[in-house]
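Structural features, examined
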Amino acid sequence: MGLQVASPYDILFDDVWFSYNNSPVLRSVSFSVPQREFLVIIGPNGGGKTTLLKLILGLYVPQRGSVRLLGGLEPTQCSYLLGYIPQNANINLDFPVRVLDVVLMGRLRGLKCFYTKEDRRMAQEALEMMGMNEYAHARMSELSQGQRQRVLIARALVSKPKILLLDEPTASVDVEAQRILYDKLKELNKGITIVLVSHDMTVITSYATAVACVNGTVYYHDSNEITAEMLQMAYGSCPVELVAHGIPHRVLAKHDGDHDA
Ligand SMILES: Nc1ncnc2c1ncn2[C@@H]1O[C@H](COP(=O)(O)OP(=O)(O)OP(=O)(O)O)[C@@H](O)[C@H]1O
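So, a few notes on the structure that sits alongside this text. Here the residue numbers are simple positions, counted from 1 along each chain's written sequence. Thresholds applied to this predicted model are a pLDDT of at least 70 for local features of residues and 80 or more for the giving and counting of side-chain atom pairs; totals over whole chains, interfaces and linings are not thresholded and use all residues. Hydrogens are left out, water is left out, and the side-chain values use all remaining heavy atoms of the structure.

Bringing the packing of aromatic side chains into the picture now. Aromatic rings from Phe, Tyr and Trp, taking only the six-membered ring of Trp, are treated as a pair when their centres fall within 6.5 Å; an angle between ring planes under 30 degrees marks them as stacked, one over 60 as edge-to-face, and anything in between as tilted. Under the criterion given, the structure shown has seven aromatic pairs. Considering the side-chain rings of Phe13 and Phe31, the 4.8 Å spacing of their centres and the 15 degrees angle between planes classify their relative orientation as stacked. With a gap of 18 residues between them, Phe13 in strand E1 (residues 9-20) and Phe31 in strand E2 (residues 23-34) connect regions that are remote in the sequence. Phe31 matches Phe13 in its accessibility class, with the two residues each being buried. Site record: aromatic cluster; members linked through ring pairs are Phe13, Phe31 and Tyr220. Numbering of helices and strands runs from the N terminus, with a helix taken as a DSSP run of H or I at least four residues long and a strand as a DSSP run of E at least two residues long. Each residue's exposure class comes from its accessible area (1.4 Å probe, protein chains only) as a fraction of the maximum for that residue type: buried when under 20%, exposed when over 50%, partly exposed otherwise.

Glancing now at the sheet that holds strand E7 (residues 193-197). The pairing criterion is simple: DSSP has to find at least two bridges between the two strands. A sheet is described by the order of its strands in space; here six strands give the open sequence E5-E6-E7-E3-E8-E9, paired in mixed fashion. Taken across any chain shown, the strands that pair with only one partner, and hence form the sheet edges, are strand E5 (82-85) and strand E9 (218-221). Between one strand and the next, the sheet's axes are offset by a mean angle of 15 degrees, whatever the strand orientation. The pairing of strand E6 (residues 163-167) with E7 spans five bridges and is parallel. Paired with Ile163 across the strands is Thr193, a residue of E7. A fitted line through C-alpha atoms serves as each axis, taken over the contacting stretch for helices, and the angle formed by two N-to-C directions is quoted from 0 to 180°.

So, about the nonpolar core. Buried Ala, Val, Leu, Ile, Met, Phe, Trp, Tyr and Cys residues that are joined via side-chain atoms within 4.5 Å together make up what is termed a nonpolar core. Ranked by size, the top nonpolar core spans 45 residues in total, and within it Leu164 and Ile194 carry the most contacts. The element contributing the most residues to this core is helix H4 (residues 145-157), with six residues. Any two residues whose heavy atoms approach within 4.5 Å at even a single point are treated as in contact. Every residue in contact with Leu164, bar those within four places of it in the chain, is listed here: Gly83, Tyr84, Ile153, Ala156, Leu157, Leu185, Leu188, Ile192, Thr193, Ile194 and Val195. Among the nonpolar cores identified, the runner-up in size contains 30 residues, and Val29, Leu39, Leu53 and Leu55 belong to it.

Attention now moves to the sheet that holds E1. Judged by pairing direction, the sheet is antiparallel, and its three strands sit side by side in the order E2-E1-E4 without closing on themselves. Only two strands of the sheet have a single partner each, and these edge strands are E2 and strand E4 (64-69). Going across the sheet, the axis of each strand differs from the next one's by a mean of 15 degrees, ignoring polarity. Note: E1 against E2, eight bridges, orientation antiparallel. Along E2, the bridge assignment pairs Ile11 with Val33. Packing against the sheet, helix H1 (residues 49-57) makes contact with E1, E2 and E4, and its axis sits at approximately 120 degrees to E1.

Put simply, the grid is 1 Å and covers the protein atoms alone, a cavity is a trapped set of points that fit a 1.4 Å probe, a pocket is an open set with protein on both sides within 12 Å along at least five of seven lines, and lining residues have an atom within 4 Å of a point. Grid points are joined across faces, edges and corners, and a volume is the space filled by probe spheres set on the points. Going through the model one piece at a time under the given rule, you end up with one cavity of 30 Å³ or more. Considered as a void within the structure, the largest cavity measures approximately 40 Å³ in volume. If you trace the largest cavity, you find it lined by Met122, Glu125, Ala126, Met129, Leu157, Val158 and Lys160. The element best represented in the lining of the largest cavity is helix H3 (residues 117-129), accounting for four residues.

The next subject is the side chain of Gln147. Examined against the element boundaries, Gln147 turns out to sit in helix H4. Residue class for Gln147 comes out buried when judged on its relative accessible area of 17%. Under the rule applied, a polar contact is a pair of N or O atoms within 3.5 Å (in protein, one hydrogen donor and one hydrogen acceptor; residues adjacent in sequence only if both atoms are side-chain atoms). Reaching out from Gln147, the side chain makes a polar contact with the side chain of Tyr135 at a distance of 3.2 Å. At a separation of 2.9 Å, a polar atom in the side chain of Gln147 contacts the main-chain amide nitrogen of Ser144. Not counting the four nearest positions on each side in its chain, Gln147 is found in contact with Met132 and Tyr135.

In this analysis, the expected span of each helix is defined as 1.5 Å times one less than the number of residues it contains. Counted at 1.5 Å a residue, the expected span for H3 with its 13 residues is 18 Å, and the 18 Å between its end C-alpha atoms agrees. In this fold, the buried residues of H3 make contact with helix H2 (99-104) and H4. One or two residues past the end of H3 sits Gly131, with phi positive at roughly 65 degrees.

By volume, the second largest pocket is sized at about 290 Å³. Around the second largest pocket, the lining is made up of 14 residues, and of these Leu82, Gly83, Tyr84, Arg155 and Ala156 lie nearest the centre. Going through the elements one at a time, E5 and H4 are the ones with two or more residues in the lining of the second largest pocket. In terms of residue count, the dominant contributor to the lining of the second largest pocket is E5 (four residues). In this classification, the charged set is Asp, Glu, Lys and Arg, the nonpolar set is Ala, Val, Leu, Ile, Met, Phe, Trp, Tyr, Cys and Pro, and all remaining amino acids, among them Gly, are polar. Residues belonging to the lining of the second largest pocket are distributed by class as follows: eight nonpolar, four polar and two charged.

See the structure below:
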């Protein structure tokens, strides 16, 4: 059976293969993401999640197959419509940069090196959207990690992206800051497609509309149900701990030969 393409789609992978130095990372990846999907990407370390995001961003080009966005564009044709929060996005805190300046950087394009009134208005609006407008003139070093994360999302939003890609954005923020962030993403998701890499299974049941398990290839599930089969595909034979409401428990049956410690 051929690839079933969502219509209209925001992201389309058609038989994509990608290797680093002849070492294959993604093989025969085909899936399509409809508009306003909240897609959560899960998978083991080294499974290819960040590589998949970089293919969407056009930072890498597949050796075989194609990636098309927003109904048919190549990623490099529409990079200004993509917002990206990289993994471990670090700002040098010794550099005395202010929140508003960080967000304004999201308005720089090509050789442009000045900001217009419209740029400033949009930066204020993005900060408001993330509940950070009162910190516009604060230094980044004066904010908490969770607040800094929200500023980086405001920077990604200031160019009015149609697809927002986030690579483990809550790795170092507390549970309450995570909830606030995810609620914001849910609100944004009314207008744009969200693609979120996360190792947090609870985010799937509460926020996702689809899940992609990435482990050398991609298994796309167009619902937010977590099945044992899905986890098996994504994480192989290791039992997976699901932390729900602070209580870790196993979601996979033990495999033959597994023993309690
Ligand atoms: N620039 C690179 N050059 C060579 N190999 C790379 C490069 N980037 C990633 N890899 C390799 O590709 C594989 C997939 O890496 P990727 O970062 O996409 O995984 P990931 O699923 O995002 O992992 P994690 O959960 O640890 O962030 C890994 O084996 C990694 O070592």
